[in-house]
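Geometric and topological summary
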Amino acid sequence: MIERYFDLKGNKTSVRTELIAGLTTFVSMAYILFVNPSVLGAAGMDKGAVFVATGLIAAIATIFMGVYAKYPFAIAPGLGINAFFSYSVVIGMGIRWQTALSGVFVAGIIFYLLTVTKIREKIINAIPADLKSAIAGGIGLFIAMIGLVDGGVITANKSTIIGLGNLGSPAALLTIFGILVTLALFARNLPGAIFIGLVVTALTGIATGFIPLPDQLIAAVPSLKPTFGQAFIGLKDIWTPQMVPVVLTFLLVAFFDTAGSLIGIAKQAGFLVNNELPRAGRTLMADSIGMLGGSILGTSPTTAFIESSTGIAMGGRTGLTSVFTGLFFVLSLFFSPLLSVVTSQVTAPALVVVGILMASNFADIDWQNFPIAAASFITILAMPLTYSISDGISLGFIVYPIMMIVTGKAKKVHPIMYVLATVFILFMFILQLGTK
């Protein structure tokens with residue numbers, strides 16, 4: 001039944017391959033289970049409840065993605081937007097976290113309406129193929145940078161803004177070791193190279209004493225009560241002028257972070273057909289459910305995770321990969337102490353290798369066409385430098401129609417791209433207001 005539903009033979013895969021791919025995706029993004037509670041905890045939210053909310057919504061949305069859309073894409077609360085939630089909205093603007101969750105809920109409803117009316121799908125399909133390649137390649141640079149920063153190889157530098165970290169530190173040494181091992185395994189075309197690299201890196205960290213062994217393997221699941229349904233309680237305080245830019249920011253960041261991630265992952269995996277993603281509506285529906293459900297459970301907006309590329313690189317081709325990833329998120333709620341060995345140094349090698357693979361998309365960009373080249377380059381450059389997928393897309397999509405107009409090619413631009421450029425200008429303005 002599983003074979004027929006997911007057409008495993010037609011997609012040249014197997015249950016075993018999908019299982020390994022699902023596990024690899026899970027391991028690569030398991031850090032969100034611990035990072036998200038830390039970030040939202042700064043806003044006064046119960047960390048235990050946020051941990052459960054994060055794991056549950058990741059499981060629900062990712063399994064829905066696998067069963068309904070049949071793609072190996074994983075969904076979970078996104079990084080960046082959770083920091084905006086805590087530090088800008090709650091701490092900076094003095095808004096109660098319950099009201100902020102209500103803002104996520106309202107944005108989720110709008111998100112859902114845009115999905116069922118297929119407006120989101122039309123927008124994604126209107127993006128030129130070259131810019132989709134730029135998004136995919138830019139995400140590759142972005143996730144590689146995340147891995148290097150989290151692994152301690154790259155750090156802030158007062159003189160040069162960024163620079164090499166302390167390469168003699170245990171964290172950096174473990175990261176470098178993991179990267180070299182994973183690159184060597186991948187270069188040898190060893191099946192499961194990325195996952196094996198993750199395991200070897202983790203075991204090395206434990207053997208050297210850098211990663212401590214957990215005291216226990218199983219722990220009780222924390223209570224969800226402190227955050228569950230608080231989005232409804234905060235609705236009475238949401239109808240204020242102060243909350244308008246907050247809701248819009250949640251909506252726009254989630255919209256374009258997910259669109260950018262989905263385009264990048266789909267492009268890398270070869271899922272695009274005639275520059276369009278088949279079953280895009282179903283894919284976006286899974287994301288919409290994640291955002292709505294997450295606000296009710298008690299977490300910031302969800303997004304499609306670019307770490308899904310690690311599972312795809314392991315051979316994941318169908319929604320069965322996502323089903324397995326979701327099931328691992330459910331299991332993680334009971335084995336949370338064991339996940340402590342999956343540090344950022346352990347996941348960094350996978351992110352760097354996938355970044356290399358995604359950089360191949362640069363070859364598909366028409367660099368001889370300057371308007372395309374300019375917009376693509378700005379998109380690619382801005383993602384790692386602003387540490388934001390949505391900011392990179394915003395800047396690139398603003399440049400694109402401008403370049404086309406000044407070169408007399410205005411009629412070749414899809415009308416939706418003009419609308420997007422206008423929206424992105426407003427988005428950047430709103431985002432600046434929200435962070436002040």
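Residues numbered from 1 in each chain as written. Predicted model: local features only at pLDDT ≥ 70, side-chain atom pairs only at ≥ 80, totals over all residues. Heavy atoms only, no water.

1. Quick word on the overall build of the protein chain
What counts is decided by this rule: Numbering of helices and strands runs from the N terminus; a helix is a DSSP stretch of H or I covering at least four residues, while a strand is a stretch of E covering at least two. Each radius of gyration reported is based on C-alpha atoms, and the globular scaling rule is 2.2 Å times the count of residues to the power 0.38. Throughout, exposure labels follow a simple rule: accessible area from a 1.4 Å probe, protein chains only, divided by the maximum for the residue type, with under 20% read as buried, over 50% as exposed, and the rest as partly exposed. Throughout, the Shrake-Rupley method with a 1.4 Å probe supplies accessible areas, and for residues the shown protein chains are the sole cover considered. Positive residues here are Lys and Arg, negative ones are Asp and Glu, while His and the chain termini are left out of the count. Working definition for charges: the position is that of NZ of Lys, CZ of Arg, CG of Asp or CD of Glu.
Counting its regular elements, the protein chain contains 19 helices and 4 strands. Compactness check: the protein chain gives a C-alpha radius of gyration of 21 Å against a globular reference of 22 Å for 436 residues, within 12% of the reference. When the backbone C-alpha atoms are referred to their principal axes, the protein chain occupies close to 60 × 60 × 55 Å. Counting over 436 residues, the protein chain shows a buried share of 56%. In the form shown here, the protein chain has an accessible surface area of approximately 17700 Å², with 69% of it arising from carbon and sulfur atoms. Positive and negative charge centroids in the protein chain, built from 23 and 16 side chains respectively, lie 4 Å apart.

2. Points about the pattern of salt bridges
Our working rule: Whenever a carboxyl oxygen of Asp or Glu lies within 4 Å of a side-chain nitrogen of Lys or Arg, that contact is scored as a salt bridge.
Counted according to the given criterion, the structure contains 3 salt bridges. Two residues, D237 and R96, come together in a salt bridge whose shortest N-O distance is 3.4 Å. Separated by 141 residues along the polypeptide, D237 in the loop between helix 11 (230–233) and helix 12 (243–269) and R96 in the loop between helix 5 (81–92) and helix 6 (97–116) bring together distant segments of the chain. Under the relative-accessibility criterion, R96 is labelled partly exposed at 40%. Close ionic contact of D364 with K267 constitutes a salt bridge, the shortest N to O distance being 2.8 Å.

3. Description of helix 2 (residues 15–29)
Quick reminder of the rule: What a helix is expected to span follows from its residue count: subtract one and scale by 1.5 Å. Contacts were defined at the residue level, with two residues in contact if any of their heavy atoms lie within 4.5 Å.
With 15 residues, helix 2 should reach 21 Å at 1.5 Å per residue; the first-to-last C-alpha distance of 21 Å fits that figure. Considered for burial, the residues of helix 2 that qualify are E18, A21, G22, T24, T25, F26, V27, S28 and M29. Turning to helix 2, the residues buried within the fold contact helix 3 (32–41), strand 1 (75–77), helix 10 (193–207), helix 14 (308–313), helix 15 (319–332) and helix 16 (344–358).

4. Digging into the environment of R96
This is how it is decided: Two N or O atoms form a polar contact when they lie within 3.5 Å of each other; inside protein one atom must be a possible hydrogen donor and the other a possible acceptor, and for residues adjacent in sequence the pair counts only when both atoms belong to side chains.
In sequence terms R96 and G44 are 52 residues apart; their C-alpha atoms lie 9.0 Å from each other. At 3.4 Å, the side chain of R96 and the side chain of D237 are in polar contact.

5. Brief notes about the pairing of strand 3 (residues 161–164)
To keep it simple, the criterion reads: In this scheme, strands are said to pair when DSSP sees at least two bridges between them.
Here strand 2 (residues 154–157) pairs with strand 3 via 4 bridges, running antiparallel. Looking at strand 3, one finds that T155 is bridged to G163. Where strand 2 folds back on strand 3, the antiparallel hairpin that results is connected by 3 residues.

6. As for helix 18 (residues 389–406)
Counted at 1.5 Å a residue, the expected span for helix 18 with its 18 residues is 26 Å, and the 26 Å between its end C-alpha atoms agrees. For helix 18, the complete set of buried residues consists of I389, S390, D391, G392, I393, S394, G396, F397, I398, Y400, P401 and M404.

7. Some words on the packing of aromatic side chains
Selection rule: Aromatic rings from Phe, Tyr and Trp, with only the six-membered ring used for Trp, were paired whenever their centres fell within 6.5 Å, and each pair was classed as stacked if the ring planes differed by under 30 degrees, edge-to-face if by over 60, and tilted otherwise. The criterion is that NZ of a Lys, or CZ of an Arg, lies within 6 Å of the ring centre and within 35 degrees of the ring normal, and then a charge sits over that ring.
Tallied over the full model, the rule gives 12 aromatic pairs. Ring geometry for Y71 against F271: centres 5.3 Å apart, planes inclined by 45 degrees, an arrangement best described as tilted. Placement of Y71 in the loop between helix 4 (47–69) and strand 1 and of F271 in the loop between helix 12 and helix 13 (280–297) is noted, with a sequence separation of 200 residues between them. When its relative accessible area of 11% is taken as the criterion, F271 is described as buried. One aromatic cluster in this structure is built from F26, F328 and F329. Between the NZ or CZ atom of K70 and the centre of the ring of Y5, over which it lies, the distance is 4.1 Å. Lying across the ring of Y68, R282 places its NZ or CZ 4.6 Å from the centre.

8. A short note on a nonpolar patch on the surface
Going by this rule: Think of a patch as exposed residues, more than 30% relative accessible area, with no salt bridge, where like charges cluster within 9 Å and nonpolar side chains (Val, Leu, Ile, Met, Phe, Trp, Tyr) cluster within 5 Å.
Taken together, the side chains of L217, I218, V221, V330, L331, F334, F335 and L338 make up a nonpolar region of the molecular surface, amounting to roughly 660 Å² of accessible area. Mapped onto the fold, V330 is located in helix 15.

Shape is all these values report; function is a separate question.
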